Amino acid sequence: WMTAYRALRIAKNVFQGAALFGMNVFITDGFSSIGQAAIHLADLEGANIYCCAKKSQHSYIQTLSSRMHVFDPHIEAWLPDIMEKMDIVIDNTCLDGYTSSWQAL
């Protein structure tokens, strides 16, 4: 949980510590322990959460937040939908050297 907490806290500093309410947060691996912790913490602050997970994990991930949007983990499955729309990205998988994460911002 500390890794997820620190990642969100560092990201919040960019917004002068503002709450995440209404912000779009993308988490590359929502099913991982860091991803689930980040989902819970972002949800507590009212963020709109976007994340990746395998198809078999979608129904579980969907239960973690009412503001959840789940995508397949392949970059071409999620990048076109979120490109340049995210306020915060937590990339805990680094599929492509963070290139796609930067494009999501």
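Please refer to the structure higher up on the page.
What comes next is a walk through the structure. (Residues numbered from 1 in each chain as written. Predicted model: local features only at pLDDT ≥ 70, side-chain atom pairs only at ≥ 80, totals over all residues. Heavy atoms only, no water.)

1. A short note on a nonpolar patch on the surface
On the surface, Y98, W102 and L105 cluster together into a nonpolar patch covering about 360 Å² of accessible area. Tracing the backbone through its elements, the reader meets Y98 in the loop between β4 (88-90) and α5 (99-104). Classification of Y98 by relative accessible area gives partly exposed; the value is 39%. (Patch = residues over 30% accessible without salt bridge, like charges linked within 9 Å, V, L, I, M, F, W, Y side chains within 5 Å. Areas by Shrake-Rupley, 256 points an atom, 1.4 Å probe, with all protein chains shown as cover. Salt bridge = Lys/Arg side-chain N within 4 Å of Asp/Glu carboxyl O. Helix = DSSP H or I, 4+ residues; strand = E, 2+ residues; numbered from the N terminus. Buried < 20%, exposed > 50% of the residue type's maximum accessible area, 1.4 Å probe, protein only.)

2. So, the pattern of salt bridges
Counted by the stated rule, this structure contains three salt bridges. Here E45 ties to K12 by a salt bridge, and the two come within 3.0 Å at their closest N and O atoms. Here the residue E45 occupies a position in the loop between α2 (33-44) and β2 (48-52), and K12 occupies one in helix α1 (residues 2-14), the gap between them amounting to 33 residues. A relative accessible area of 26% places E45 in the partly exposed class. Judged by relative accessible area, K12 falls into the buried class, the value being 16%. Across the pair K55 and D72 runs a salt bridge, and its minimum N-O distance is 3.9 Å. One end of the pair, K55, is in the loop between β2 and α3 (58-62); the other, D72, is in the loop between β3 (68-71) and α4 (75-82), with 17 residues separating them in the sequence. Judged by its relative accessible area of 23%, D72 is partly exposed.

3. A closer look at the environment of D96
With respect to the helices and strands, D96 occurs in the loop between β4 and α5. C-alpha of D96 to C-alpha of P80: the two residues are 16 residues apart in sequence and 15 Å apart in space.

4. Here we look at the sheet that holds β2
On the basis of which strands lie adjacent, the open sheet formed by four strands has the order β3-β2-β1-β4 and parallel pairing. Taken across any chain shown, the strands that pair with only one partner, and hence form the sheet edges, are β3 and β4. The mean angle between the axes of side-by-side strands here comes to 15°, regardless of whether they run parallel or antiparallel. For strand β1 (residues 24-27) and β2, the ladder comprises four bridges, and the chain directions are parallel. Each residue of the ladder has a partner; that of F26, found in β2, is Y50. (Pairing = 2+ DSSP bridges. Axes fitted to C-alpha atoms, helices over the stretch in contact; angles between N-to-C directions.)

5. Brief notes about α2
With 12 residues, α2 should cover 16 Å at 1.5 Å per step; its first-to-last C-alpha distance of 17 Å lies within 8% of that length. Every buried residue belonging to α2 is among G35, Q36, A37, A38, I39, L41 and A42, and all of these are buried. Against α1, β1, β2, α3, β3 and β4 lie the buried residues of α2. Just downstream of α2, G46 is the residue with a positive phi angle, here 85°. (Expected span 1.5 Å × (residues − 1). Contact = heavy atoms within 4.5 Å.)

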